[in-house]
Amino acid sequence: MGRKREWLDRSNWQRPSVLVLLLANLLPLHGVMFWGWDVFPLLFLYWFENIIIGCFNLLRMLILEPRNVGLWIQKIFGLPFFAVHFGGFTAIHGIFVIAIFGGEQYLDLSADFPGPDLLLRIIRDFQLTVPIALFTVSHGISFFNNYLRKGERRLATLPAMVYSPYRRIIVMHLTLLFGGGLMLVKGSPTWGLVVLIGLKIVLDLVAHLRERWRMGRPVSPTEPVTQSFGAGSGS
């Protein structure tokens, strides 16, 4: 099948992180079918996942090579840079999602836009606590199983980790925003939202499996590791 297609190997689909990722991404289907979700709570939930990804990436950066004193000097600059850069990107993305899809009821709180009070209000209004918790568990399992237990942390580098989340989310969310806009024009039909969920699942699985492939096979504690700037580290 070739090295370029190894990430499609059947054994990869049995990873705990893949199974939980599938479960987390199927829960929005329940929201559409039984909770009456339209396009806004769906896209808001997918946007909120960016916050979860960013938090786990900060944790990865923080615990990377904890005994390397020189690396800690880089972390003093690298962690705040990532937090501000990724946080700004996520905030702007959130403004677009809420302003375009949320309606006037959420624009009333624009003085703190998109602040914690507004985000908590949206989460309560659409009962998003459980889906957000499940997405957090999904990324947490990937963090513990892939990054810690299987040794991906030994193949990661700090510069690559600063930019790795963008590789996963930019194409996905541009696609979802375009699809969400189309669903908004059509009045958020159920079939369209189901297609949007299916599209997100496919994009998420492909990104996850390709990322695991880029990080390489598990390594033993005694095996030498060659670090490269291009190693990914997202969940």
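Just above sits the structure.
All figures in this text were calculated on a predicted structure; none of them were measured in a lab.

Enquirer: An account of the packing of helix 1 (residues 16-34) against helix 6 (residues 129-149) is requested, with residue identities and associated values reported.
Expert: Axis angle and axis distance: for two packed helices, these are the angle between their axes and the distance between the axes, and together they describe the pair. Where helix 1 contacts helix 6, the axes come no closer than 9 Å and their chain directions differ by 170°. As the angle between them shows, helix 1 and helix 6 are arranged roughly antiparallel. Taken together, the residues of helix 6 that come into contact with helix 1 (itself represented by Pro 16, Ser 17, Val 20, Leu 21, Leu 23, Ala 24, Asn 25 and Leu 27) are Val 130, Pro 131, Leu 134, Phe 135, Val 137, Ser 138, Ile 141, Ser 142, Asn 145 and Asn 146. Looking at the contact of helix 1 with helix 6 residue by residue, the classes come out as twelve nonpolar, six polar and no charged.

Enquirer: Tell me about unusual backbone geometry, residues and numbers included.
Expert: One non-glycine residue, Glu 65, lies in the positive phi region at around 40°. Relative to the elements of secondary structure, Glu 65 occurs in the loop between helix 2 (39-63) and helix 3 (69-101). Positioned with a positive phi, Ser 188 is a non-glycine residue whose angle comes to about 50°. If you trace the backbone, Ser 188 turns up in the loop between helix 7 (158-185) and helix 8 (190-215).

Enquirer: With reference to specific residues and values, describe the packing of aromatic side chains.
Expert: For the structure shown, the criterion picks out 16 aromatic pairs. For the ring pair Phe 86 and Tyr 166, a centre distance of 5.5 Å and an interplane angle of 70° mean the geometry is edge-to-face. You can see Phe 86 sitting in helix 3 and its partner Tyr 166 sitting in helix 7, a full 80 residues away along the chain. Relative accessible area serves as the criterion here: at 11%, Tyr 166 is assigned to the buried category. The interplanar angle of 75° and the centroid separation of 5.3 Å between the aromatic rings of Phe 89 and Tyr 166 together place this pair among those described as edge-to-face. Here Tyr 166 lies in helix 7 and Phe 89 lies in helix 3, a separation of 77 residues in the sequence. For Phe 89, a relative accessible area of 29% puts it in the partly exposed group. By way of ring pairs, the aromatic residues Phe 40, Phe 44, Trp 47, Phe 48, Tyr 106 and Phe 126 are connected into one cluster. Above the face of the Tyr 147 ring, Arg 60 is positioned so that its terminal group lies 5.3 Å from the ring centre. Against the face of Trp 72 rests Lys 75, its NZ or CZ located 4.0 Å from the ring centre.

Cut-offs applied
Residues numbered from 1 in each chain as written. Predicted model: local features only at pLDDT ≥ 70, side-chain atom pairs only at ≥ 80, totals over all residues. Heavy atoms only, no water. Axes fitted to C-alpha atoms, helices over the stretch in contact; angles between N-to-C directions. Helix = DSSP H or I, 4+ residues; strand = E, 2+ residues; numbered from the N terminus. Parallel < 35°, antiparallel > 145°, perpendicular 65-115°, else oblique. Contact = heavy atoms within 4.5 Å. Nonpolar A, V, L, I, M, F, W, Y, C, P; charged D, E, K, R; others polar. Phe/Tyr/Trp six-rings, centres within 6.5 Å; stacked < 30°, edge-to-face > 60°. Buried < 20%, exposed > 50% of the residue type's maximum accessible area, 1.4 Å probe, protein only. Lys NZ or Arg CZ within 6 Å of the ring centre and 35° of its normal.

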